[in-house]
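Tertiary structure, described
Letter by letter, the chains look like this.
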Amino acid sequence: MRPPDAGDNSRPLGEAEAEDLLRCICFKTGPPRTVGVELEWLVHEKHDPRRRVPDDRLTAAHESTRALPLNSAVTVEPGGQLELSSAPAASLMECVDAVSADLRAVRSLLDRDGLTLAGIGIDPWQPARRLLQEPRYEAMEAYLDRTSPCGRIMMCSSASIQVCLDAGEEEPGPLGHGRRWQLAHLLGAVLTAAFANSPTLEGRATGWRSTRQAIWAQLDPVRPIAPPLDREPRAAWTGHVLDAPVMVVRSADGPWERPQGLTFRRWIRSGAPRPPTRADLDYHLTTLFPPVRPRGHLELRMIDAQPGADGWQVPLAVTAALFDDPEAAERVYRTVKPLAERAGSRPAPRNPLWLDAARHGLSDPELHAAAVACFDAALEALPRAGASRAVSEAVAAFHERHVLPGRCPADDLAPQARGTSRGKEPRP
C-alpha cells in the first residue's frame with residue numbers, strides 16, 4: 001500500500017517530536033478495513049530465462065510499463081525488478097481484482113517484447129547486478145557492502161510479496177494492534193516456511209528453501225531485525241528506529257555522507273553534520289528492513305514471490321483472512337503462540353524459529369503442523385471475507401499440493417535445488 005502523506009518535512013526535528021511522530025504515524029489504530037499488496041517480480045526473457053536481459057531492453061520495458069493506465073503504483077527495484085503496489089482496498093476481492101487487471105496489462109505489454117514476469121524469491125541464475133544508478137542505491141550498496149555481499153543480492157536479485165494490513169484496533173482483543181503485532185512475528189515464520197520459493201542462487205542449490213529470507217537475515221547487525229517483542233509496540237519501534245544507525249546523510253548539492261556509528265538519535269542530539277529534518281526521518285524509515293514494518297499499516301515482508309500468474313493471490317488471501325477475521329485471528333494466535341518458546345529471546349528473523357522456517361520450509365514438523373492449522377482456519381474464514389470461489393479454490397489447491405504433505409514451492413523446482421548445497425551458502 002502507498003505510504004501515508006509525509007506532511008511538513010523540511011524543518012529541523014527535535015528528539016521528542018521524532019518520538020511523537022513515530023508513535024503516531026507507524027501505528028494508526030482503528031477497526032481493520034483495508035488490505036493491500038506489493039508484488040515484486042523478476043523480469044526474464046520469455047523463451048530463455050537463464051539469459052540476461054540487456055539493460056537497454058529492461059529499461060525500455062520499465063518505461064513502457066510506467067506509461068500504462070494502472071490502478072497500482074509501478075516502481076523499479078535496483079536490479080530491474082518490477083514492483084506493483086496496490087492502492088488500499090476496502091476488501092480482499094477489491095484488491096485481488098484491481099491488481100489482477102493491472103498484471104494482465106503488464107504481462108501483455110511485456111509479452112510483445114519477449115519478456116515475462118517471474119515469481120521466484122531470488123533470481124536462480126543471474127548474479128546480482130545493479131541497473132539503477134541513483135544516489136540512494138549507490139549509498140545503500142556501499143553501506144551494506146561493509147557487512148557482506150548479501151546487500152547486493154537483496155537489492156538486485158530478490159523478489160517478494162508484501163501483504164499490507166491495518167495496524168488494528170487500539171483496544172486489546174483478536175483485532176487489537178498489540179495482538180496483531182505479536183501474531184505477525186509468529187505467523188510470519190509459518191508464512192516464510194509455507195511459501196518458501198528460492199532454493200537456488202547463481203545456478204546452485206543453497207541448502208535453504210528460502211534463500212531470500214536467509215539473505216535478508218544477514219544484511220547487517222540492525223536493519224533486518226525486529227524490535228523487542230516484550231515491549232509495547234509503539235515504544236519498541238520508536239526506540240528501534242531512533243537507535244538504528246543512519247545509512248546516509250543526503251545532500252541536494254553535494255556528495256551524500258556515509259557516517260559510521262551515527263544513530264538517528266545521536267544525529268538529532270548533535271546536529272552534525274547538519275540538523276536532521278522530518279524528511280530525513282521518513283527516509284531513515286525506508287532504510288530499515290524488518291520482517292514486519294509498521295508504516296501506519298503493517299507491512300509483512302517475509303513471503304517469497306510465488307510462481308504462476310495468480311500464485312500471489314494465495315499468500316494474500318491466507319494472510320488477510322487470518323488477520324482480519326476475528327474468529328480466525330483468535331484461533332491462529334492460539335496455534336502459533338507456542339512457537340514463541342522456540343523463537344527464544346533473539347529477534348526475528350535471526351532466531352531459531354525463523355531460521356528453521358527459511359532453511360527447512362514445511363519439512364519442519366512443528367512448522368508443518370502450524371501451517372496445516374493456519375490454512376484450515378483460512379479456508380473457513382475466506383467465505384466470510386467475501387473471497388471468490390476461484391480464490392478459495394486456489395488456496396485449497398495450495399493446501400492440498402503443498403501444506404498437507406509438508407512441501408513448499410521450493411520443492412517443486414529443479415532437483416538440484418533440493419540436493420547438495422553450493423560451496424558457500426548464506427549463513428545468517
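In what follows, the accompanying structure is described. (Residues numbered from 1 in each chain as written. Predicted model: local features only at pLDDT ≥ 70, side-chain atom pairs only at ≥ 80, totals over all residues. Heavy atoms only, no water.)

Observations regarding the packing of aromatic side chains
Within the structure shown, the criterion is met by 7 aromatic pairs. Taking 6.3 Å as the distance between ring centres and 90° as the angle between the ring planes, the aromatic pair formed by Trp256 and Tyr283 counts as edge-to-face. Residue Trp256 is located in the loop between helix 8 (233-242) and helix 9 (264-270), and its partner Tyr283 is located in helix 10 (residues 278-286); the two are separated by 27 residues in the primary sequence. With relative accessibility at 11%, the residue Tyr283 sits in the buried group. The interplanar angle of 15° and the centroid separation of 5.8 Å between the aromatic rings of Phe375 and Phe398 together place this pair among those described as stacked. Taken as a pair, Phe375 in helix 15 (residues 365-381) and Phe398 in helix 16 (residues 389-403) lie far apart in primary sequence, 23 residues in all. Phe398 shares its class with Phe375; the two are buried. Aromatic rings pair up to connect Phe195, Phe375 and Phe398 into one cluster. Above the face of the Trp41 ring, Arg107 is positioned so that its terminal group lies 5.0 Å from the ring centre. Between Arg359 and the ring centre of Trp208, over which it is positioned, the NZ or CZ distance is 4.1 Å. (Phe/Tyr/Trp six-rings, centres within 6.5 Å; stacked < 30°, edge-to-face > 60°. Helix = DSSP H or I, 4+ residues; strand = E, 2+ residues; numbered from the N terminus. Buried < 20%, exposed > 50% of the residue type's maximum accessible area, 1.4 Å probe, protein only. Lys NZ or Arg CZ within 6 Å of the ring centre and 35° of its normal.)

Topic: unusual backbone geometry
The general pattern is negative phi for most residues beyond glycine and trans for most peptide bonds. Residue Pro273 is reached from Ala272 by a cis peptide bond, and omega for that bond is 5°. Its location among the elements puts Pro273 in the loop between helix 9 and helix 10. A cis geometry characterises the amide bond from Ala348 onward to Pro349, with omega recorded as 0°. By the element assignment, Pro349 lies in the loop between helix 13 (339-343) and helix 14 (352-360). Of note in this structure, Glu202 is not a glycine but carries a positive phi near 50°. Tracing the chain through its elements places Glu202 in the loop between strand 6 (200-201) and strand 7 (204-205).

Let's talk about the pattern of salt bridges
Per the stated rule, a full pass over the model turns up 37 salt bridges. Residue Glu330 is joined to Arg334 by a salt bridge in which the shortest nitrogen-to-oxygen separation is 3.6 Å. Here Arg334 and Glu330 lie together in helix 12 (residues 326-336), a separation of 4 residues that amounts to about one turn. A relative accessible area of 24% places Glu330 in the partly exposed class. Connected through shared salt-bridge partners, Glu15, Glu19, Asp243, Arg265 and Arg269 make up one network. (Salt bridge = Lys/Arg side-chain N within 4 Å of Asp/Glu carboxyl O.)

Quick look at the nonpolar core
Core analysis: the largest hydrophobic core is formed by 118 residues, its most contacted members being Leu187, Val190, Trp312, Leu316, Leu322, Val336 and Phe375. The dominant element in this core, judged by the number of residues it contributes, is helix 6 (residues 177-194), at 10 residues. In this structure Leu316 touches Val35, Gly36, Val37, Leu92, Cys95, Val96 and Val163, once residues within four positions along its chain are discounted. The next biggest cluster of nonpolar side chains, apart from the first, holds 5 residues, and it includes Ala118, Ile120, Ala159 and Ala305. (Core = buried A, V, L, I, M, F, W, Y, C linked by side-chain atoms within 4.5 Å. Contact = heavy atoms within 4.5 Å.)

Some details on the environment of Gly207
Checked against the element boundaries, Gly207 lands in the loop between strand 7 and helix 7 (211-217). For the pair Gly207 and His360, spaced 153 residues apart in sequence, the C-alpha separation works out to 8.6 Å.

Some thoughts on helix 2 (residues 55-66)
The terminal C-alpha atoms of helix 2 lie 17 Å apart, and with 12 residues this matches the ideal 16 Å at 1.5 Å per residue to within 8%. Those residues of helix 2 that fall on the buried side of the exposure criterion are Leu58, Ala61, His62 and Thr65. Seen from one end, helix 2 has its buried residues packed into an arc of 100°, which puts them on one side. The outward face of helix 2, more than 90 degrees from its buried face, is lined by the exposed residues Asp56 and Glu63. Each element contacted by the buried residues of helix 2 is listed here: strand 1 (35-45), strand 2 (73-76), strand 3 (82-85), helix 3 (92-112) and strand 4 (115-118). (Expected span 1.5 Å × (residues − 1). Arc of directions from axis to C-beta.)

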